[in-house]
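# A closer look at the structure
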Amino acid sequence: GKEALKLFQQMQLKGTEPDKVAFINILNVCAGLAALAEGIESHASIIDRGFDLDIGVGNALVHMYGDCMSLDDARSVFDRMPERNAVSWNTMITAYSQNGRGMEALDLFQKMQVQGVAPD
């Protein structure tokens with residue numbers, strides 16, 4: 001995990017621009033390490049490149065913030081996503097439920113159903 005972060009930083013220092021897939025992968029590494037500072041740094045780079053509107057990147061951001069126990073940031077990203085799919089909803093619901101916020105998870109589950117997204 002930490003080696004992946006190091007390689008990602010070296011890649012950028014050498015002038016290689018990360019694409020959406022690279023950011024999704026590094027956000028998953030940040031989630032696994034609970035590396036919030038690096039996740040926030042990656043989020044800023046994602047916004048600079050305009051990748052924050054991509055559903056896959058948005059889902060990875062919600063996942064990273066949830067795993068780093070930064071639920072307000074996770075919800076902020078979720079709420080700003082221009083489109084959501086079942087993965088988006090389930091990722092946010094999981095973040096709430098894994099961090100002791102079961103009532104918010106249930107509330108969001110109900111909102112998901114109202115929006116016409118079928119639970120899987």
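Description of the structure in this document.

## Re the packing of helix α4 (residues 55–67) against helix α6 (residues 86–98)
In the contact formed by α4 and α6, the axes pass within 9 Å of each other and the chain directions differ by 5°. Between α4 and α6, the angle is such that the two are roughly parallel. Across the interface between the two elements, I55, N59, V62, H63, G66 and D67 from α4 touch V87, S88, T91, M92, A95 and Q98 from α6. When its residues are assigned to classes, the contact of α4 with α6 shows five nonpolar, six polar and one charged.

## What to know about the side chain of S88
In this fold, S88 is placed in helix α6. For S88, a relative accessible area of 1% translates into the label buried. With residues near it in sequence (within four places) discarded, S88 still touches I55, N59, F78 and M81.

## Some details on the state of the cysteines
One pass over the structure, following the stated rule, counts zero disulfides. The thiol of C30 is not disulfide-bonded; the next cysteine sulfur, from C68, is found 6.9 Å away. Residue class for C30 comes out buried when judged on its relative accessible area of 0%. Relative accessible area serves as the criterion here: at 11%, C68 is assigned to the buried category.

## What to know about unusual backbone geometry
Unlike most non-glycine residues, A34 shows phi in positive territory, near 55°. When you line up the elements, A34 lands in the loop between α2 (20–33) and α3 (36–49). Residue classification places A34 among the partly exposed positions, given a relative accessible area of 47%. If you check the backbone angles, M69 has positive phi at about 60° while not being a glycine. Looking at where M69 falls in the secondary structure, it is placed in the loop between α4 and α5 (71–80).

## Some remarks on the nonpolar core
Formed by 33 residues in total, the largest nonpolar core has its most connected members in I46, L61, V62, M64, F78, M92 and L108. Residue assignment for this core shows that the elements contributing at least two residues are α1 (2–13), α2, α4, α5, α6 and α7 (102–114). With seven residues, the single largest contributor to this core is α2. Setting aside anything within four residues of it in sequence, one finds L108 in contact with R75, F78, W89, M92, I93 and Y96.

## So, the packing of aromatic side chains
Scanning the entire structure with this criterion turns up three aromatic pairs. Centroid distance F8 to F23: 5.6 Å. Interplanar angle 70°. Geometry classified as edge-to-face. One end of the pair, F8, is in helix α1; the other, F23, is in helix α2, and 15 residues separate them in sequence. Under the relative-accessibility criterion, F23 is labelled buried at 0%.

Reading the values: the criteria
Residues numbered from 1 in each chain as written. Predicted model: local features only at pLDDT ≥ 70, side-chain atom pairs only at ≥ 80, totals over all residues. Heavy atoms only, no water. Axes fitted to C-alpha atoms, helices over the stretch in contact; angles between N-to-C directions. Helix = DSSP H or I, 4+ residues; strand = E, 2+ residues; numbered from the N terminus. Parallel < 35°, antiparallel > 145°, perpendicular 65-115°, else oblique. Contact = heavy atoms within 4.5 Å. Nonpolar A, V, L, I, M, F, W, Y, C, P; charged D, E, K, R; others polar. Buried < 20%, exposed > 50% of the residue type's maximum accessible area, 1.4 Å probe, protein only. Disulfide = S-S within 2.5 Å. Core = buried A, V, L, I, M, F, W, Y, C linked by side-chain atoms within 4.5 Å. Phe/Tyr/Trp six-rings, centres within 6.5 Å; stacked < 30°, edge-to-face > 60°.

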